[in-house]
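Residue strings, one per chain:
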Amino acid sequence: MNKPFIDMRSDTVTRPTPAMREAMAAADVGDDMMGEDPTVNRLEATVAELFGTEAAVLACSGTQSNQMGVRCHCVPGDELLIHESGHIANYEAGAPAVISGVSTRTLPGPFGMLDVETLHGKVRADDQHLVRTRLLCLENTTNIGGGRVYPLERLAELGGWARENGLAVHLDGARLFNACVADGYSPADVAQHVDTVSICFSKGLGCPMGSVLVGSAEHVRHARRTRKLLGGALRQSGFVAAAALYALDNHVDRLADDHANARLFAEKVAAVDGLSVDLASVETNLVFFEVDPALGTAAAVQDTLIDRGLRMYALGPQRLRACTHHDITREDALRAAEIVAETVGSGVTAGTKSGPYEW
Ligand SMILES: *Cc1c(COP(=O)(O)O)cnc(C)c1O
């Protein structure tokens, strides 16, 4: 079958496989808002067990479950600490401010990751003038940081620092399973160092939708209330939960293939004149590479690639992101690298196209 595009824009573009669709169609369902959807209940129990937490709750999207998490820990007027490229601060439409009345204090650090040295002194004193610092948000893997994986020791250190300083920790684990597969730690290893975790089923795990927030029974009860407030409490959502359960059984270990394909793609691209990739920073399924300005802008490259059947994102004036996922085979990754090489080799028109850059 001819594929119209090799689509490496994001791991969100995957479509459910025939087997996943079968699992969805066969799901036993009920009214989840009444707590009566057996498949949702099974998913929530399964994920809570996997993370070693008291409870879990299904959400519509990663944005929704992140914001359910933020609102568990903060009240209006509070502040959260987050890396300056963090999804919660940049790509959720200002939700911490709109939904929870929370301001974001963004901090720098290599590859989208924070460390204790950077955080030192960032918890404000208890003073009537000052915003109350309440929450630390981490992202694992990092998205704009390049799909980087937090080592477990670093998460332990950050969790310990937060506890000593009276802060809660929310982990945006949209791609946490990529981190687990890459570094060989378990979801429970991670969860013990933080208070709430949001995971996405619609990224590398290949589901059409769905995220889950895990945490204590009290946090999850609070999160259910926020989910309702946000219009995210659904009825027969067992169809969605069935896809997630299928993915937990069948799509986790295979993330290693996405990582291998990303590496293969990165190595080929690194060999092309005018393109540069920091190979050591390619740890999971995201590959960021830079285009020499003499060849044109990243946006011009992005548009030229579309004409050749390859899609990826320009995420900076000279920076592109490619993402491997369930629907990208090893052959696709190799072909994609060839298309990039051919495009750059034949000279990209250094057009005036620019943006939309997110970072
Ligand atoms: C995709 C993503 C999310 C959630 O996005 P939704 O589109 O709302 O599901 C959250 N955090 C990170 C780091 C992401 O990449």
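The coordinates are above.
These numbers were taken from a predicted model, which means no experiment stands behind them.

A.B. asks: Could you clarify how one ought to interpret the overall build of the protein in this entry?
C.D. replies: Helix and strand counts for the protein stand at 14 helices and 13 strands. Taken over the C-alpha trace, the protein has a radius of gyration of 21 Å; the compact-globule value for 359 residues is 21 Å, and the two agree within 12%. With the principal axes as the frame, the protein shows a C-alpha extent of 60 × 55 × 35 Å. Per-residue burial for the protein yields a buried fraction of 55% across its 359 residues. By sequence separation, contacts in the protein at least 24 residues apart represent 75% of the contacts at least 6 residues apart. With an accessible surface of roughly 15,100 Å², the protein has 50% of that area assigned to carbon and sulfur atoms. If the 32 positive side-chain charges of the protein are averaged to one point and the 46 negative ones to another, these points end up 4 Å apart.

A.B. asks: Please clarify how the sheet that holds strand 6 (residues 168-173) should be interpreted in this entry.
C.D. replies: By way of backbone hydrogen bonds, the strands of a sheet pair with one another, either parallel or antiparallel. A sheet is described by the order of its strands in space; here seven strands give the open sequence 2-8-7-6-5-3-4, paired in mixed fashion. Two strands in the sheet have a free side with no partner beyond their single neighbour: strand 2 (55-59) and strand 4 (103-107). Neighbour-to-neighbour, the strand axes of this sheet turn through a mean angle of 20°, independent of strand direction. Across four bridges, the pairing between strand 7 (residues 196-200) and strand 8 (residues 211-215) is antiparallel. Across the sheet, residue I199 finds its bridge partner in strand 8, namely V212. The strands that helix 7 (residues 152-164) touches are strand 3 (78-83), strand 5 (132-139) and strand 6; relative to strand 5, the one it contacts most, it runs at about 170°.

A.B. asks: When you look at the site of the ligand in this model, what are you seeing that I'm missing?
C.D. replies: Taken together, 13 residues form the shell around the ligand, and within it G62, T63, D172, R175 and K203 come nearest. At 3.2 Å, a side-chain N or O of N143 approaches an oxygen atom of the ligand. Here an oxygen atom of the ligand and a side-chain polar atom of R175 are 3.0 Å apart. Surface burial for the ligand is 84%, taken as the share of its 380 Å² of free accessible area covered by protein chains. When its residues are assigned to classes, the shell around the ligand shows two nonpolar, six polar and five charged.

A.B. asks: Looking at this model, I keep getting lost on the pattern of salt bridges. Mind explaining?
C.D. replies: Side chains that differ in charge, positive against negative, can pair when their charged atoms come close. In this structure the tally under the stated criterion is 13 salt bridges. Close ionic contact of E79 with R124 constitutes a salt bridge, the shortest N to O distance being 2.6 Å. With E79 in strand 3 and R124 in the loop between helix 6 (116-119) and strand 5, this residue pair connects regions lying 45 residues apart in the sequence. Residue classification places E79 among the buried residues on the basis of a relative accessible area of 2%. You can call R124 partly exposed: its relative accessible area is 30%. What you see here is one network of salt bridges that share partners, running through R335, E338 and E342.

A.B. asks: Explain the sheet that holds strand 12 (residues 313-314) to me, please; I cannot follow it from the model alone.
C.D. replies: The antiparallel open sheet is built from four strands, whose spatial order is 9-10-13-12. The open sheet has two edge strands with one neighbour each: strand 9 (275-276) and strand 12. Bridging between strand 9 and strand 10 (residues 286-291) involves two bridges; their strand directions are antiparallel. Residue L275 lies in a different strand from strand 10, and its bridge partner there is V291. Helix 12 (residues 255-270) rests against strand 9, strand 10 and strand 13 (319-323) of the sheet, and its axis sits at about 10° to strand 10.

About the thresholds
- Residue indices follow the written sequence of each chain, beginning from 1 at its first position.
- Local features in this predicted model are restricted to residues of pLDDT 70 or higher, and side-chain atom pairs are both shown and tallied only at a pLDDT of 80 or more, whereas totals for entire chains, interfaces and linings draw on every residue.
- The basis for every side-chain value is the complete set of heavy atoms in the structure, and neither hydrogens nor water enter the calculation.
- Elements are defined by DSSP. Helices are runs of H or I of four residues or more, strands are runs of E of two residues or more, and each kind is numbered from the N terminus.
- Atoms considered for the radius of gyration are the C-alpha atoms alone. The globule rule reads 2.2 Å times the number of residues to the power 0.38.
- Remark: exposure states derive from per-residue accessible area (1.4 Å probe, protein chains only) relative to the maximum for the residue type, with buried under 20%, exposed over 50%, and partly exposed in between.
- Whether two residues are in contact is decided by their heavy atoms, any of which lying within 4.5 Å being enough.
- All accessible areas in this document rest on Shrake-Rupley with a 1.4 Å probe, and a residue is counted as covered only by the protein chains that are shown.
- Neither His nor the chain termini are counted; the positive set is Lys and Arg, and the negative set is Asp and Glu.
- Each charge is placed at NZ for Lys, CZ for Arg, CG for Asp and CD for Glu.
- Strand pairing is assigned whenever DSSP identifies at least 2 bridges connecting the two strands.
- Helix axes use the C-alpha atoms of the stretch in contact, all axes being lines fitted to C-alpha atoms, and the angles between their N-to-C directions lie in the range 0 to 180 degrees.
- We call a residue near a molecule or strand whenever a single non-hydrogen atom of that residue lies within 4 Å of it.
- Polar contacts, as used here, are pairs of N or O atoms within 3.5 Å; protein pairs need one atom able to donate a hydrogen and one able to accept it. Residues neighboring in sequence count only if both atoms are side-chain atoms.
- The classification used treats Ala, Val, Leu, Ile, Met, Phe, Trp, Tyr, Cys and Pro as nonpolar, Asp, Glu, Lys and Arg as charged, and all other residues, Gly among them, as polar.
- Salt-bridge detection follows one rule: a side-chain nitrogen of Lys or Arg within 4 Å of a carboxyl oxygen of Asp or Glu.

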